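Tertiary structure, described
Below, each chain spelled out in residue letters.
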Amino acid sequence: MESTLSWCFAAGHPVDNAVGSAQYNFVNRISPLTKKIFKAKTPLEREALRDGIRVEVEGITQDIGDMVVNLTRVLTSLYPMFKKDTTLIQLKLSEIFYRPFLPQLLETYNFLNEDAMEVYRAYVIARGLDDITAYTDIKQKYHLGDAPYQAAIDCISAITETFSPIEKFSLLVNFGQTISESVKQFYLDQGHDEDQASEVSNLGADDLFPITLFVITRVGKPQLISELQLLDDITHEQDLMGNKGYCLATVTSAYRGLVAQQTRDGTSGPNI
């Protein structure tokens, strides 16, 4: 199956030609937007541009999502062996399809989110190295000693370093898992038995949210909100059910909640 799929994406194959044509189309739709953004220098010019860019980006991301679905359908129609499980097709498309235009598309999202990104950036400069004890909404049993939740921090940070939406979602889901695993391992190392460690590592939403706030602050990447919004926009609603959508919503809510609080109260502290 993998060899068949590789052949489909070899130069000259009709599927590869279709993918290349779609990529070219999206590059040509996105490039004029980034040029407009670059030319808008003053706050007034940028504000006047924002609504138009937003409408264009919404249309582009809708078409991107539809294109990926259609390409998947074409491949399963041509090669029925993929009908029962489209995972390989989706992985391949995710790996290659977005690469030519994703950086420019994210530039448009950064423009649309520049106010939120600036608030986040200022907060990280002022409070980004606060100890976890400053996060009073995080229960003491989840403080976990020195350098807590580094694996989760690494997962979220890596979202900005890949072109593949599937890999980005995988990192999001792993982020939630690594928090639980970090808690469990900490308590096992402290001498608790398996049942006790498993019980304390079973975090509910009220415990996960403030830890997520700590994690995204330590990540220190303002553009994270653009990555999250892009994932939401290019993914069909039915594909956001379950853990994938839950993790996306949790991290997005933490970022936006932090920005809303800082806009309202200033850099008053790391709790929402």
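Please refer to the structure placed before this passage.
Residues numbered from 1 in each chain as written. Predicted model: local features only at pLDDT ≥ 70, side-chain atom pairs only at ≥ 80, totals over all residues. Heavy atoms only, no water.

Relative to the 38 Å expected for 26 residues at 1.5 Å per residue, helix 2 (residues 14-39) spans 38 Å between its end C-alpha atoms, a close match to the ideal helical length. Within the span of helix 2, buried status applies to V15, V19, A22, Q23, F26, I30, S31, L33, T34 and I37. (Helix = DSSP H or I, 4+ residues; strand = E, 2+ residues; numbered from the N terminus. Expected span 1.5 Å × (residues − 1). Buried < 20%, exposed > 50% of the residue type's maximum accessible area, 1.4 Å probe, protein only.)

A word on the packing of aromatic side chains. By the definition in use, this model includes nine aromatic pairs. With centroids separated by 4.8 Å and ring planes inclined at 5°, the aromatic side chains of Y120 and Y255 adopt a geometry described as stacked. Here the residue Y120 occupies a position in helix 6 (residues 114-127), and Y255 occupies one in helix 12 (residues 243-265), the gap between them amounting to 135 residues. Summarising the aromatic geometry, the rings of Y149 and F214 are spaced 6.5 Å apart at their centres and angled 70° between planes, so their arrangement reads as edge-to-face. A residue pair is termed long-range when its members are at least 10 positions apart, and Y149 in the loop between helix 6 and helix 7 (150-158) and F214 in helix 10 (residues 205-219) qualify at 65 residues. Residues Y149 and F214 agree in their burial class; the two are buried. (Phe/Tyr/Trp six-rings, centres within 6.5 Å; stacked < 30°, edge-to-face > 60°.)

Another point: the pattern of salt bridges. Side chains carrying opposite charge are able to pair once their charged atoms draw close together. Under the counting rule described, the total for this entry stands at 11 salt bridges. The closest approach of N and O atoms between R29 and D63, which form a salt bridge, is 2.8 Å. Taken together, the positions of R29 in helix 2 and D63 in helix 3 (residues 43-78) put the pair 34 residues apart, joining distant regions of the chain. By relative accessible area, R29 is classed as partly exposed at 28%. The partner of D130 in a salt bridge is R127, with the nearest N and O atoms 2.6 Å apart. Within this structure, R46, E47, R50 and E114 form a network of salt bridges that share partners. (Salt bridge = Lys/Arg side-chain N within 4 Å of Asp/Glu carboxyl O.)

Moving on to the environment of I234. Mapped onto the elements, I234 comes out in helix 11 (residues 224-234). Residues I234 and H192, spaced 42 residues apart in sequence, show a C-alpha to C-alpha distance of 44 Å. If we skip the residues at most four places from it in the chain, I234 touches T61, I64, G65, Y98 and P165. (Contact = heavy atoms within 4.5 Å.)

Here we take up helix 8 (residues 165-189). Its 25 residues give helix 8 an end-to-end C-alpha distance of 35 Å, which sits within 8% of 36 Å, the value for a rise of 1.5 Å per residue. All of the buried residues in helix 8 are P165, K168, F169, L171, L172, V173, F175, T178, I179, V183 and Y187. After helix 8 finishes, the residue G191 shows a positive phi value of roughly 100°.

A word on the nonpolar core. Y149, I156, L172 and V215 are the most contacted members of the largest nonpolar core, which has 44 residues in total. Listed by contribution, the elements that provide at least two residues to this core are helix 6, helix 7, helix 8, helix 9 (194-200), helix 10, helix 11 and helix 12. Discounting residues that sit within four places of it in the chain, V215 has contacts with Y149, A152, I153, I156 and F175. Listed in part, the 32 residues of the second largest apolar core include I30, I60, L93 and L112. (Core = buried A, V, L, I, M, F, W, Y, C linked by side-chain atoms within 4.5 Å.)

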